[in-house]
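# Working through the structure, step by step
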Amino acid sequence: MAKKKVVVLPGDDEAPQTVYAALEVIRALGAEIEWVEFPTGEHWVRGETDKAARAAIDASDSTLFGSTSGKTTAINYLRWGKQTFANVRPCRYMPGFKSPLAKPAGIDYVIVRENLEDLYLGLEGPLAALAPLHLHSRILRADLDTTDRGKYAVKVITEKKTRQVARFACELARKRKAAGHPGKLTCTSKYNMLRESDGFFRQIVEETAAGYPDIKYEQFIVDDFARRIVQSSHGLDVVVMPNLYGDILSDAAAGTIGGLGLAPSGCYGAGYAYFESVHGTAPDILGMGIINPTATMLSAAMMLEYLGFDEQSHRFENAIRKVYGEGKVLTVDQGGTAKTKEFTAAVIANL
Ligand code: ATP
């Protein structure tokens, strides 16, 4: 296999510590990867570093990313520049995770969040700017009053972007079915209230799923779905949803298995993918050496699989599983006393 090239953007605040931990494990695994590393966000100035990072991303097979508080500007390029339309966020319990649920064993599903549109286009502004549109509210049964001091935000759902993420989710459900999972797609949005936008999302997903007769299909209104991920998530397999709900609910999903320190994520486009944890930069524990690198490590394992290093990916995941199974070297968020470095050493010892 040709040597793969991976860009490393460590991110801001405490996030880099999780990236460096994941890199240590990958180096111990001996995967043939050429790394192109950039400094943490503190050193970024919009301009030179960003330009260099974009060029490096274009010349690479993938990017491993720590989280950003906004300083590491290349994130927007990874997402919109590379059109990474499907944000895949597995929610999988491993024995030893400190879940608040009574029976977390067996939770294993994947949230596929549409990654490019919905309310994330940055289209906001003063309410008065909408006056020329003479918008009529179906709910108020009146024209929108744009004379109050206020702001608007635009939510966009397109057929193209919805269909591509729905197809991706169906293909993932098919792949998981082949590996012994139920082979089911769940769609969720607020389609009863936002009939035009979220209703359209639901309609396109349902149509797309009809082209996959081997995959079961179900749909829930997003508030009902929020309850389900807390009360009865064992039956879930692959769940597809618009951007904002995916952002919020994947944090909630992470909470059900034991917290943000455990939830990985990968953003896939047609010809590129990058990987980062679900969590943010954890500024409140900056410099304490206690951040849990599991989420970034599991993201890195997803990246190894994406790059074709299947065997190394499995060894990485199994080593993490063993460390939690033994329960001796756990970070503070998981009820242990281990520092990030000690946890990392334990994973390497179990490869
Ligand atoms: P963002 O808006 O980017 O999601 P945030 O500050 O809202 O960032 P996080 O950075 O994810 O959210 O942090 C939320 C809480 O979870 C903080 O108390 C943080 O310390 C904790 N946390 C997040 N990730 C980890 C981790 N990997 N290990 C331990 N604690 C974590």
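Residues numbered from 1 in each chain as written. Predicted model: local features only at pLDDT ≥ 70, side-chain atom pairs only at ≥ 80, totals over all residues. Heavy atoms only, no water.

### Considerations on the site of the ligand
Convention followed: Near is defined per residue: the residue qualifies when any heavy atom it owns lies within 4 Å of the molecule or strand. Here a polar contact is taken to be a pair of N or O atoms separated by no more than 3.5 Å, where protein atoms must pair a possible hydrogen donor with a possible acceptor and residues adjacent in sequence count only if both atoms sit in side chains. Residue-level accessible areas treat just the shown protein chains as cover; the underlying method is Shrake-Rupley with a 1.4 Å probe. When residue character is reported, Ala, Val, Leu, Ile, Met, Phe, Trp, Tyr, Cys and Pro are called nonpolar, Asp, Glu, Lys and Arg charged, and the others, Gly included, polar.
Around the ligand sit Leu-260, Gly-261, His-279, Gly-280, Thr-281, Ala-282, Asp-284, Ile-285, Ile-291, Asn-292 and Asp-333, and those are all the residues in its vicinity. The contact in question runs from a nitrogen atom of the ligand to an N or O atom on the side chain of His-279, over 3.3 Å. Within the side chain of Asp-284, a nitrogen or oxygen atom sits 2.6 Å from an oxygen atom of the ligand. Calculation on the ligand without its partners gives an accessible area of 610 Å², and the protein chains cover 60% of this total. The class makeup of the residues in the shell around the ligand is 4 nonpolar, 5 polar and 2 charged.

### Remarks on the domain arrangement of the protein
Size of an interface: often given as the accessible area lost when the parts come together. Where we set the bar: The source of the domain bounds is an automatic or database domain assignment. Buried surface area refers to the total accessible area, computed with a probe of radius 1.4 Å, that the two partners give up upon joining, counted for both partners together. We define a salt bridge as a contact between a side-chain nitrogen of Lys or Arg and a carboxyl oxygen of Asp or Glu at a distance within 4 Å.
Domain parsing of the protein yields domain 1 (1-88 + 264-351), domain 2 (99-118 + 160-257) and domain 3 (119-154). Centre-to-centre, using C-alpha coordinates, domain 2 lies 30 Å away from domain 3. Interface of domain 2 and domain 3: buried area, both sides summed, is about 640 Å²; carbon and sulfur atoms make up 50% of it. Of all residues in domain 2, Asp-118, Met-193 and Leu-244 give up the largest surface area on contact with domain 3, accounting jointly for 54% of the area buried on that side. Linking domain 2 to domain 3 there are 0 salt bridges. Summed over the shared surface of domain 2 and domain 3, the number is 5 residue pairs in polar contact (both at pLDDT 80 or more).

### Description of the pattern of salt bridges
Worth spelling out the cut-off: Numbering of helices and strands runs from the N terminus; a helix is a DSSP stretch of H or I covering at least four residues, while a strand is a stretch of E covering at least two. Exposure categories follow from relative accessible area, calculated using a 1.4 Å probe and restricted to protein chains: below 20% of the type maximum is buried, above 50% is exposed, and the middle band is partly exposed.
Evaluated as defined, the whole model comprises 19 salt bridges. Asp-118 is the partner of Lys-155 in a salt bridge, and the nearest nitrogen-oxygen pair spans 2.8 Å. Of this pair, Lys-155 sits in the loop between β9 (151-153) and α4 (159-178) while Asp-118 is found in the loop between β5 (108-114) and β6 (124-126), placing the two residues 37 residues apart along the sequence. For Lys-155, a relative accessible area of 22% corresponds to the partly exposed category. Take Asp-118: its relative accessible area is 0%, and that puts it in the buried class. One salt bridge in this structure joins Arg-228 and Asp-224, with 3.1 Å as the shortest N-O distance. Remark: Asp-224 and Arg-228 occur in helix α6 (residues 222-231); sequence separation between them is 4 residues, near one turn of the helix. Assessed through its relative accessible area of 23%, Arg-228 is described here as partly exposed. A single salt-bridge network, built from bridges that share partners, covers Asp-108, Arg-176 and Asp-237.

### Structural notes on the packing of aromatic side chains
To keep things clear, this is the line we draw: Geometry of aromatic contacts follows a simple scheme: Phe, Tyr and Trp rings, the Trp one being its six-membered ring, pair when their centres are within 6.5 Å, and the pair is stacked under 30 degrees between planes, edge-to-face over 60, tilted otherwise. Look at NZ for Lys and CZ for Arg. If either is within 6 Å of the ring centre and within 35 degrees of the ring normal, a charge sits over the ring.
The final tally for this structure, using the stated rule, is 9 aromatic pairs. Here the aromatic rings of Tyr-268 and Tyr-306 are separated by 5.8 Å at their centres, their planes lie at 80°, and the arrangement is edge-to-face. With Tyr-268 in strand β13 (residues 266-268) and Tyr-306 in helix α8 (residues 294-306), this residue pair connects regions lying 38 residues apart in the sequence. By relative accessible area, Tyr-268 is classed as buried at 15%. Residue classification places Tyr-306 among the partly exposed positions, given a relative accessible area of 33%. Through a chain of ring-to-ring contacts, the aromatic side chains of Phe-85, Phe-168, Tyr-268, Phe-275 and Tyr-306 assemble into a single cluster. One residue, Arg-228, lies across the ring of Phe-220, its end atom 3.7 Å from the ring centre.

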